[in-house]
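Examination of the molecular architecture
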Amino acid sequence: MSWTIVVGVKQVPDADEVGIDPDTGRLDRASAPAVMNGPDREALEAAFRIRDQVGGEVIAMSMGPPNAKTVLKEAVAMGCDDAVLISDRAFGGSDTWPTSLTLARAAEALEADVVICGEETTDSSTGQVPPGIAAHNGWAQLTYAEAVDARPEEDRLAARRDVEGGHELVAADLPVVVAAAYGEFDPRPAPLHRKIYGENDFEPTVWDAEDLEIKDEVGLEVSPTSVGGMETVDPVERKGEVVDEIDDLADSIEEVVA
Amino acid sequence: MSPELESDTVADPNYDDEFDAIVVGAGLAGSAAALTMANRGLDVLLIERGSSPGAKNVFGGVLYTPTIRELTDFDDAPVERYVAERRFSMLSKDDETAVSLRPGEWHEKPHNDSYTVLRGDFDEWFAEQAAEEGATLLNSTTVTGLIREDGRIAGVETDRPDGTIRAPYVVLAEGGNSLVSEGANLKQTETRENVAVGVKEVLEFPQRDEVIEDRFRLTDEAGVSYHYFGEGAVGDAFGGGFIYTNEDTVSIGVAYRIEDAAAHDQSPEETLNAFKSHPAVAPLVRNARTVEYSAKTIPEGGAESIPDLVHDGAAIVGDAAGLVLNNGVHLEGTNMAVESGYHAGNAIARAADKGRVGADALQAYPESLEESFVVKNLEHYQWMMNAVEEDRDLLFEDLPRAFADAGTEYFRMDRQPKESHAKNAKSAVLSAVGGWTGAAKLALRYRKVVT
Ligand SMILES: Cc1cc2nc3c(=O)[nH]c(=O)nc-3n(C[C@H](O)[C@H](O)[C@H](O)COP(=O)(O)OP(=O)(O)OC[C@H]3O[C@@H](n4cnc5c(N)ncnc54)[C@H](O)[C@@H]3O)c2cc1C
Ligand SMILES: Cc1cc2nc3c(=O)[nH]c(=O)nc-3n(C[C@H](O)[C@H](O)[C@H](O)COP(=O)(O)OP(=O)(O)OC[C@H]3O[C@@H](n4cnc5c(N)ncnc54)[C@H](O)[C@@H]3O)c2cc1C
């Protein structure tokens, strides 16, 4: 038994370097260097754990501009067996609907048994892409997965999910789309020779919209989202007070509550 | 029809003996060595423990560039300002006596090869130059040891899984805290008297623009490098303080013997704070906000502490080899780091052409370093470290106070004739140095500082 595990990785602006324009209050993303979306490192770790269990291949996929190759090289440096970039001018203006359609088609083309995504991205953070991939392909989905357990003899993947008051264990038939809960899969360090290979000598395969036969189903035209407007919110002034005695604290709180 | 993956991937990559040389540390010395070897056609792996070169680097700030300029196109280098003024200042507890130099020539290119830089930016750029010539830079990877084969060094061991890699030559450019070289017995751990601690803050002035230009009397790209010694700078410790202007920030710090730092109950941070609040220094850094604080060791054993520079399969360069000149007037390590990396890189390239790895094949490195300014300067000033240590109280406490007193006397405004002021001033200095004979002896002892 060996599975094909496909991981969605997205290139995002480095959150540490994203500045806020003091005049407009807008995020200045353009000047920040592009890095791999943090939660996607954890999605990769979840994938490696499944590969450790059942064997097979982990393949990274990213939909993005040509320079998104860098995050795919990094994914291979971290331990992926291969990677594919899905890139086309036609994708410009795509919202989560065509994005998840594209990734769904790519996962199909790769004959994925499991697709693993991060919980959400640090730039758009809708969390819609993993369920979108599942919906487009009619596959099962396991969201907010805190742990994964492959059951190859049943052709199923089980995941532990956090629910109020405890957790539940859900098993789904393959193929399945998983969204890895952020903070639950500590990424392992990249092996030395893999890191050298991934960063320097590996080149990802590139597919375009035509390869996936979705040329008319992507882009701004077919994106249902419309942005109504943007507003910046002024910070609320908060009153701070230091009390010397613990007993006085109760008084201050009472004052506010009253 | 479904698209396919172009499957020319390597399942089990292995780079053993794929590189001609491995360089440990992408500081100035390491990148200079990597760039030199890459220029000569060698495949080089440059390993850096920081998330990028310079990310972990503490540096007060003046980069001396005579060698770098020869190695690469320096025009787009991320420098902050050129040094247009150097000021040497003696601080007693409350007084300052200073000499300032602002030669017109320093305003013209190449600006006496002295620029303030922020190492986070500069080191990244310099390593990039090596990468553009074909070197492979590997960040976030710490070298933990060397591998040996038949007694010779044959590669390195890192903190990563599957973490050893072999190559015919290893260049150790790990800086002053040289754990790898020491761990492999390529050099001895420096004695405490030969190690200084440097602490530095980078300050910004959030309240308004042009604070730096106004306070330091600067226009355009000009900058300053101020050096301070005496008890007002680092208390009774052996060392000094500095201020360098960057483009929008100021680097301020102190560097002094670790021995003194440990023996006295003041932490390096407290020493820096005392320096920052000295009445002659505080106005320069008023209303500043600290954006970065860092500490590091500086080897300053001079020529006597240089270890064997070459071994079978390895060479040591830069601070790891103790190549820093720190004598109160000069604090120079950047130029020596680059010069040593350059000579080591050349020697390895020559040995590689002949297919030889023994220490004898690398002798060209120590030989050319001997001939260069690096060893010449270190030897020239070796005596000074010893002399200064002997005259420490006089130089760091009594003299700064005497000069301040002399100045106060000489310019005193009262109803006495100036002649009596001059006499008092002279006697303040003479009594500190032990009369005319004492002064003559001192002058003789220290004449080599400027000759
Ligand atoms: C209102 C709105 C308008 C937008 N308009 C535009 C627009 O005009 N033009 C434009 O280019 N973009 C636009 N976007 C951005 C774009 O729609 C999203 O970035 C994209 O659909 C992914 O959504 P997300 O980042 O929220 O992913 P999430 O659903 O938060 O991501 C979850 C996980 O899915 C996977 N994933 C997500 N995206 C990718 C990807 N590209 N490749 C591989 N894996 C991925 C990752 O594993 C990720 O961790 C818009 C977004 C919003 C919210
Ligand atoms: C406070 C202070 C002020 C100074 N002021 C001046 C000045 O004004 N002018 C001047 O010329 N000199 C000055 N110096 C000296 C100068 O900084 C050094 O001489 C110079 O940086 C030496 O360069 P290097 O490349 O040998 O070492 P470093 O610059 O220390 O570089 C060593 C590199 O190796 C990396 N490294 C270390 N260990 C490992 C490992 N095991 N694995 C992988 N990577 C590793 C480090 O992260 C670092 O990037 C000052 C020093 C200090 C501390």
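Residues numbered from 1 in each chain as written. Chains lettered and ligands numbered in written order. Predicted model: local features only at pLDDT ≥ 70, side-chain atom pairs only at ≥ 80, totals over all residues. Heavy atoms only, no water.

1. A few points about the interface of chain B and chain A
Formally: Any two residues having at least one pair of non-hydrogen atoms within 4.5 Å are treated as being in contact. Buried area is understood as the total, over both parts, of accessible area removed when two parts are fitted together, assessed with a 1.4 Å probe. Each reported salt bridge corresponds to a side-chain nitrogen of Lys or Arg within 4 Å of a carboxyl oxygen of Asp or Glu. The definition of a polar contact used here is a pair of N or O atoms within 3.5 Å, where within protein one atom must be able to donate a hydrogen and the other to accept one, and adjacent residues in sequence count solely through side-chain atom pairs. Starting at the N terminus, helices and strands are each numbered in turn, a helix being any DSSP run of H or I of at least four residues and a strand any DSSP run of E of at least two. Residues are sorted three ways: Asp, Glu, Lys and Arg are charged, Ala, Val, Leu, Ile, Met, Phe, Trp, Tyr, Cys and Pro are nonpolar, and all the rest, Gly among them, are polar.
With 28 residues of chain B at the interface, the matching set in chain A holds 25 residues. Both sides together, the interface formed by chain B and chain A hides about 2,100 Å², and carbon and sulfur atoms give 60% of it. Taken as a group, B:Pro3, B:Leu5 and B:Tyr15 account for 30% of the area that chain B buries against chain A, more than any other trio of residues on that side. Here chain B and chain A share zero salt bridges between them. Where chain B meets chain A, there are ten residue pairs in polar contact (both at pLDDT 80 or more). Residue assignment for the side of chain B that touches chain A shows that the elements contributing at least two residues are strand E7 (136-138) and strand E10 (164-166) of chain B. In terms of residue class, the side of chain B that touches chain A is made up of 13 nonpolar, nine polar and six charged.

2. Considering the site of ligand 1
Residues and elements named next belong to chain A. Let me state the cut-off plainly: Think of it this way: one heavy atom of a residue within 4 Å of a molecule or strand is enough to make that residue near it. Each accessible area is a Shrake-Rupley result for a 1.4 Å probe, and residues are judged covered by the shown protein chains and nothing else.
With respect to spatial proximity, 29 residues lie near ligand 1, and among them Gly8, Lys10, Asp40, Thr121 and Thr126 are the closest. Contacts to ligand 1 include Met63, whose backbone N or O atom sits 2.9 Å from a nitrogen atom. Gly118 places a main-chain nitrogen or oxygen 2.9 Å from an oxygen atom of ligand 1. Relative to its free-state accessible area of 940 Å², ligand 1 is covered by the protein chains to the extent of 78%. Among the secondary structure elements, those contributing two or more residues to the shell around ligand 1 are strand E6 (56-63), helix H3 (96-109), strand E8 (114-118) and helix H4 (129-137). Residues belonging to the shell around ligand 1 are distributed by class as follows: eight nonpolar, 15 polar and six charged.

3. Observations regarding the site of ligand 2
Residues and elements named next belong to chain B. The line we're drawing: Residue ranges assigned to each domain were obtained from an automatic or database domain assignment.
Not every one of the 34 residues close to ligand 2 is listed here, only the nearest: Glu48, Arg119, Lys296, Asp319 and Thr334. One of the side-chain N or O atoms of Arg119 is found 2.6 Å from an oxygen atom in ligand 2. Separating a nitrogen atom of ligand 2 from a backbone N or O atom of Leu331 is a distance of 3.1 Å. In isolation ligand 2 offers 1,000 Å² of accessible surface; the protein chains occlude 97% of this area. Put simply, the parts of the chain that give the shell around ligand 2 at least two residues each are helix H1 (28-39), strand E3 (62-64), strand E14 (239-245), strand E16 (289-299), strand E20 (331-332) and helix H9 (334-354). When the residues that make up the shell around ligand 2 are grouped by side-chain class, the tally is 16 nonpolar, eleven polar and seven charged. Counting residues domain by domain, the shell around ligand 2 receives three or more from each of domain 1 (6-80 + 117-188 + 303-382) and domain 2 (192-299).

4. Focus on the environment of B:Ser427
Residue and element names in this part refer to chain B. Tracing the sequence through the fold places Ser427 in helix H13 (residues 418-433). Taking the C-alpha atoms as reference, Ser427 lies 62 Å from Ala38; in sequence the two are 389 residues apart. One polar contact links the side chain of Ser427 to the main-chain carbonyl oxygen of Asn424, over a distance of 3.1 Å.

5. Overview of the pattern of salt bridges
Convention followed: Here the term buried applies to any residue with accessible area under 20% of the maximum for its type, exposed to any over 50%, and partly exposed to those in between, with areas from a 1.4 Å probe on protein chains only.
Scanning the entire structure with this criterion turns up 32 salt bridges over all chains. For the salt bridge of A:Lys195 with A:Glu199, the shortest nitrogen-to-oxygen distance reads 2.8 Å. Taken together, the residues A:Lys195 and A:Glu199, both in helix H5 (residues 192-201) and four residues apart, mark about one turn of the helix. Exposure remark for A:Lys195: the relative accessible area of 9% places this residue in the buried category. A salt bridge links B:Arg166 to B:Asp17; its shortest N-O distance comes to 2.7 Å. On the criterion of sequence distance, the pair formed by B:Arg166 in strand E10 and B:Asp17 in the segment before strand E1 (21-24) is long-range, its members being 149 residues apart. Because the salt bridges share partners, they merge into one network encompassing A:Glu45, A:Arg49, A:Asp52 and A:Arg188.

6. Description of the environment of B:Thr36
Residues and elements named next belong to chain B. Inspection of the secondary structure puts Thr36 in helix H1. Residue Thr36 is classed as buried on the basis of its relative accessible area of 3%. Taking C-alpha positions, Thr36 is 8.0 Å from Ala130, a pair spaced 94 residues apart along the chain. When near neighbours in sequence (up to four residues on either side) are disregarded, Thr36 contacts Leu71, Gly341, Tyr342, Gly345 and Asn346.

7. Details of the nonpolar core
The criterion, for reference: Note on terminology: a nonpolar core comprises buried Ala, Val, Leu, Ile, Met, Phe, Trp, Tyr and Cys residues joined through side-chain atoms within 4.5 Å.
Counting 158 residues, the largest nonpolar core has A:Ile50, A:Val114, A:Ile116, A:Leu157 and B:Phe122 as the members making the most contacts within it. Residues within four places of A:Val114 in sequence aside, it is in contact with A:Trp3, A:Thr4, A:Ile5, A:Val6, A:Ile50, A:Leu157, A:Leu174, A:Val176 and A:Val178. The next biggest cluster of nonpolar side chains, apart from the first, holds 27 residues, and it includes A:Ile59, A:Met61, A:Ala106 and A:Cys117.

8. Side note on the packing of H1(B) against H9(B)
All names here are of chain B. Cut-off, in case you're wondering: Orientation is described by axes fitted as lines to C-alpha atoms, over the contacting stretch for helices, and by angles from 0 to 180 degrees between their N-to-C directions. Crossing chirality is assigned from the near helix's rotation relative to the far helix, an anticlockwise turn below a right angle marking it left-handed and a clockwise turn marking it right-handed.
Packing of H1 against H9 leaves a shortest axis separation of 7 Å and a crossing angle of 30 degrees. As H1 packs across H9, the resulting crossing turns out to be right-handed. For the pair H1 and H9, the contacting residues are Leu28, Ala29, Ala32, Ala33, Thr36 and Met37 in the first and Thr334, Ala337, Val338, Gly341, Tyr342, Gly345, Asn346 and Ile348 in the second. By residue class, the composition of the contact of H1 with H9 is nine nonpolar, five polar and no charged.

9. Focus on the sheet that holds strand E8 (residues 143-149) of chain B
Residues and elements named next belong to chain B. Operational definition: When DSSP locates at least two bridges between a pair of strands, those strands are taken to pair.
If you trace the three strands from one edge of the open sheet to the other, you get E8-E9-E10, paired in antiparallel fashion. Two strands close off the open sheet at either side, each with one partner strand: E8 and E10. When the angles between neighbouring strand axes are averaged without regard to direction, this sheet yields 30 degrees. As defined by bridge partners, strand E9 (residues 152-158) adjoins E10 across three bridges and the pair is classed as antiparallel. In the strand pairing of E10, Val156 is matched with Ile165.

Worth remembering: the numbers are spatial, not functional.
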